[in-house]
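# Close look at the chain arrangement
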Amino acid sequence: MSEKNVQTDSGIPVKNTYSPRDLRKLDYKKNLGDPGKFPYTRGVYPNMYRDRLWTMRQYTGYGSAEETNKRFKYLLSQGQTGLSTAFDLPTQLGYDSDSERARGEVGKVGVPINTLRDMEILFEDIPVDKVSTSMTINATAPILLAMYIAVAEKQGVAPDQVRGTTQNDILKEFAARNLYIYPPRHSLRLVVDVIEYSARNLPKWYPISISGYHMREAGATAVQEVAYTLSNAKQYVDACLERGLKIDDIAPGLSFFFACRNEFFEEVAKFRAARRLWAKIVRDDYGGRAESCAMKFHVQTSGETLTAQQPDVNVIRVTIQALAAVLGGTQSLHTNSRDEALGLPTEESVKIALRTQQTIAYESGVTKVADPLGGSYYLESLTAELEKKILQETNKVNRMGGALAAIETGYMQRAIHDSAYRLQVRIESGEETVIGVNKFAEEGKPTVNTHKIPERAVDQQLRRLRTLKETRNKNNAHKALQQLQHSAKSGDNLMPPIIEAVKTYATLQEISDVLRRVFGEQPRRGML
């Protein structure tokens with residue numbers, strides 16, 4: 001390949017070598033600054049991992065609340081420092097496990113949560129004031145957060161001690177993932193309800209994790225991933241300000257979530273550029289204080305890069321991606337397991353994935369200094385070039401009227417689809433190498449033991465739901481749902497009536513159906 005054709009995954013040309021001449025325009029105070037200071041390019045804390053390691057999470061959920069509780073406890077016993085909960089498709093789309101539309105999907109790609117009783121079992125013997133819990137949930141995020149708050153109350157944990165994150169990023173669902181329920185503007189209202197309630201009642205809770213991850217997995221480039229994430233973030237902030245909230249009240253509770261692929265230096269530079277851009281947005285566009293400008297984010301290694309062929313190679317991919325996330329300054333990290341291209345990960349596989357993080361943290365030496373790659377001619381040049389290209393794309397979205405307008409017109413979706421197509425063409429032509437797929441391939445299928453969901457788990461889930469519906473106080477549940485409907489029509493914040501409804505053991509679908517009747521349902525193709 002000739003020098004002029006060498007470029008990053010995002011299409012940024014790469015020279016043969018870099019020198020001080022490439023950094024002539026770099027103003028240290030303006031573009032870099034010290035770690036822990038504006039514009040936070042070098043990290044959000046002065047000492048970074050010397051003071052505190054990133055939170056180590058493994059994305060977990062399957063079968064039933066009982067089965068997932070066992071996996072949670074196993075991971076915590078192995079040194080995991082935070083939980084990350086996967087919910088099954090019916091739960092994400094507002095259906096109970098006994099719904100006709102849930103048939104065949106219960107517990108398959110996450111844990112089914114129908115009622116507060118399921119949530120109580122999920123966190124049995126797990127102190128929610130000691131363990132931070134991330135919940136990958138969007139359309140039904142207010143309901144799952146309400147259940148978590150109720151569990152904390154039953155454990156005797158005060159709201160100001162509840163720690164964790166709800167993903168609660170519905171705009172990226174419309175852009176890339178399609179797990180939405182209500183039309184965009186009603187969905188946005190629910191997001192703001194959660195942010196507003198958390199800002200006033202849950203000081204240690206991150207009410208939203210604005211997610212580039214799923215857009216990247218759908219095919220977005222690194223530039224698009226950050227640009228659309230920042231555009232979505234601005235849409236959320238604008239909606240919160242319209243509600244009467246102040247930027248310095250909500251900005252500290254905004255967290256972000258990015259993917260990390262294999263292009264090592266581009267990924268490190270991407271995280272640094274994202275922090276710098278967000279800091280400038282919060283200060284220049286919204287007048288936020290310096291501490292409000294610090295972007296805190298979670299990273300997941302890229303599930304889309306995992307291959308069913310030669311799955312042990314995935315361990316190497318995940319290690320490279322995890323190291324890039326750490327050198328890029330993440331606050332939280334999930335490492336994928338080697339067998340996830342084939343099925344749910346086994347205990348052995350999740351332990352290897354967790355040990356990958358622990359080896360980086362305790363043996364590699366990269367945690368001894370903040371931003372150890374800072375000052376690299378190549379990295380700083382790449383960070384600046386990514387910042388420029390990301391800004392160009394966010395400005396394009398701004399000219400359309402913002403993220404919601406760009407989604408409603410289909411612009412974001414088309415841009416991501418086009419990038420996905422171009423990547424697939426490069427893979428199929430061999431221009432983009434994937435070990436074990438289009439280079440160094442081997443004959444035969446891999447011999448890997450995959451995790452199987454026990455049939456009893458689904459039966460157990462359905463029995464518990466049936467029994468609960470028969471034994472709960474139906475009158476209390478009915479009254480709570482009526483109050484929810486009234487609040488939905490009146491424009492009140494819906495978190496308080498949802499919390500009251502889950503405490504009566506109203507089901508996830510009963511609550512979701514109330515909102516469906518008031519808000520309507522956004523059509524989708526190819527889903528449940």
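Everything that follows concerns the structure shown earlier in this document.
Only a predicted model underlies this, so the values are computations on that prediction, with no experimental measurement involved.

### Some points on helix α17 (residues 455-471)
One turn of the α-helix equals 3.6 residues, which is why residues spaced by three or four share an orientation. Along its 17 residues, α17 runs 25 Å from first to last C-alpha, staying within 8% of the 24 Å computed at 1.5 Å per residue. Within α17, the full set of buried residues consists of Ala457, Val458, Gln461, Arg464, Leu465 and Leu468. Angularly, the buried residues of α17 cover 125 degrees about the axis, an arc narrow enough to put them on a single face. Exposed side chains of α17 directed beyond 90 degrees from the buried face belong to Glu455, Arg456, Glu470 and Thr471. Of the surrounding elements, those touching the buried residues of α17 are α2 (65-77) and α4 (116-122).

### What to know about the packing of helix α12 (residues 313-327) against helix α13 (residues 347-363)
At a minimum axis distance of 10 Å, the contact between α12 and α13 shows a crossing angle of 40 degrees. When the axes of α12 and α13 are compared, the pair comes out oblique. Crossing handedness for the pair α12 and α13: right-handed. Between α12, through Val315, Thr319, Ala322, Leu323 and Val326, and α13, the contact on the second element is made entirely by Ile352, Thr356 and Ile360. Taken together, the residues of the contact of α12 with α13 break down into 6 nonpolar, 2 polar and no charged.

### Let's talk about the packing of aromatic side chains
Applying the stated criterion across every chain, the model contains 16 aromatic pairs. Summarising the aromatic geometry, the rings of Phe123 and Tyr148 are spaced 5.1 Å apart at their centres and angled 80 degrees between planes, so their arrangement reads as edge-to-face. Of this pair, Phe123 sits in the loop between α4 and β4 (132-136) while Tyr148 sits in helix α5 (residues 141-154), and the two are 25 residues apart along the sequence. The pair formed by Phe123 and Tyr148 is uniform in burial state, with each residue classed as buried. One aromatic cluster in this structure is built from Phe256, Phe258, Phe271, Trp278 and Phe297. Directly above the ring of Tyr18 sits Lys15, whose terminal nitrogen or CZ lies 5.1 Å from the centroid. The ring centre of Tyr95 lies 4.6 Å from the NZ or CZ of Arg516, which sits over that ring.

### Notes on the environment of Leu76
Mapped onto the secondary structure, Leu76 falls in helix α2. Taking the C-alpha atoms as reference points, Leu76 and Thr367, separated by 291 residues in sequence, lie 22 Å from one another. When neighbours within four sequence positions are excluded, Leu76 is seen to be in contact with Leu83, Ile126 and Val131.

### Brief notes about the pairing of strand β9 (residues 296-301)
When you tally the buried positions in β9, you get 5 out of 6 residues, the bulk of the element. Direction of pairing for strand β8 (residues 254-260) relative to β9: parallel, over a ladder of 6 bridges. For Phe257, the partnering residue across the bridge sits in β9 and is His298. Running through helix α11 (residues 264-285), the crossover from β8 to the neighbouring parallel element β9 is right-handed. Bridge count for β9 against strand β10 (residues 332-334) is 3 bridges, and the pairing is parallel. Residue pairing in the sheet places His298 in a bridge with Ser332 of β10.

### A short note on the pattern of salt bridges
One pass over the structure, following the stated rule, counts 41 salt bridges. Close ionic contact of Lys503 with Glu153 constitutes a salt bridge, the shortest N to O distance being 2.9 Å. With Lys503 in helix α19 (residues 495-503) and Glu153 in helix α5, this pair connects stretches of sequence that are 350 residues apart. The partly exposed category is assigned to Lys503, whose relative accessible area is 30%. Connected through salt bridges with shared partners, the residues Arg189, Asp193, Glu196, Arg200 and Arg243 form a single ionic network.

What counts, and at which threshold
Residues numbered from 1 in each chain as written. Predicted model: local features only at pLDDT ≥ 70, side-chain atom pairs only at ≥ 80, totals over all residues. Heavy atoms only, no water. Helix = DSSP H or I, 4+ residues; strand = E, 2+ residues; numbered from the N terminus. Expected span 1.5 Å × (residues − 1). Buried < 20%, exposed > 50% of the residue type's maximum accessible area, 1.4 Å probe, protein only. Arc of directions from axis to C-beta. Contact = heavy atoms within 4.5 Å. Axes fitted to C-alpha atoms, helices over the stretch in contact; angles between N-to-C directions. Parallel < 35°, antiparallel > 145°, perpendicular 65-115°, else oblique. Left-handed = near helix turned anticlockwise from the far one by under 90°. Nonpolar A, V, L, I, M, F, W, Y, C, P; charged D, E, K, R; others polar. Phe/Tyr/Trp six-rings, centres within 6.5 Å; stacked < 30°, edge-to-face > 60°. Lys NZ or Arg CZ within 6 Å of the ring centre and 35° of its normal. Pairing = 2+ DSSP bridges. Right-handed = clockwise from strand over helix to strand, strands pointing away. Salt bridge = Lys/Arg side-chain N within 4 Å of Asp/Glu carboxyl O.

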